[in-house]
Amino acid sequence: LQHSVAVDSGFRNSGITVGRGGKIMMAVRSTHCLEVPLSHNGKLMVSEEYIEFLIHIANQKMEENI
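Residues numbered from 1 in each chain as written. Predicted model: local features only at pLDDT ≥ 70, side-chain atom pairs only at ≥ 80, totals over all residues. Heavy atoms only, no water.

K.L.:
What is the right way to read the overall build of the chain from this model?
P.N.:
Secondary structure assignment for the chain yields two helices and four strands. Moving toward the C terminus, one meets the helices and strands of the chain in the order α-β-β-β-β-α. Here the chain holds 66 residues, and the buried ones make up 6% of them. Within the chain, contacts between residues at least 6 apart in sequence are counted, and of these 16% link residues at least 24 apart. (Helix = DSSP H or I, 4+ residues; strand = E, 2+ residues; numbered from the N terminus. Buried < 20%, exposed > 50% of the residue type's maximum accessible area, 1.4 Å probe, protein only. Contact = heavy atoms within 4.5 Å.)

Written out as structure tokens, the structure is:
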């Protein structure tokens, strides 16, 4: 029931998992996310300024989640 409520409320990344000991865990995850590749084969592909910009955006998303 809780999973359905979470998904219906817009938390589409929510899920239920069962641990090794049989413990059932429910995760309600927000749709706010940020996935950005910064390097490739060990080489930084973006500027330090862009990384600072991403940190600012990520911090804003964290504040929205609170």
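Once you've had a look at it, read on.
K.L.:
Mind showing me how you'd approach the pairing of strand β1 (residues 15-18) here?
P.N.:
Each regular strand shows side chains that alternate between the opposite faces of the sheet. With four bridges connecting them, β1 and strand β2 (residues 24-27) associate as antiparallel partners. If you follow Gly15 over to β2, its bridge partner there is Ala27. Hairpin remark: β1 followed by β2, antiparallel, with five residues in the connecting loop; positive phi at Gly22, about 90 degrees. (Pairing = 2+ DSSP bridges.)

K.L.:
Quick question: what am I supposed to make of the side chain of Ser14 here?
P.N.:
Note on placement: Ser14 falls in the loop between α1 (2-8) and β1. For Ser14, the contacting residues outside a window of four places in its chain are His3, Ala6, Ala27, Val28 and Arg29.

K.L.:
Before we go on, may I ask you to explain unusual backbone geometry in this structure?
P.N.:
Most peptide bonds adopt trans geometry, and most residues besides glycine take a negative phi value. Despite not being glycine, Asn41 shows a phi value in the positive range, around 55 degrees. Along the chain, Asn41 turns up in the loop between β3 (39-40) and β4 (43-44).

K.L.:
Can you walk me through the environment of Val28 in this structure?
P.N.:
With respect to the helices and strands, the residue Val28 is situated in the loop between β2 and β3. Not counting residues within four places of it along the chain, the set of residues in contact with Val28 comprises Ala6, Phe11 and Ser14.

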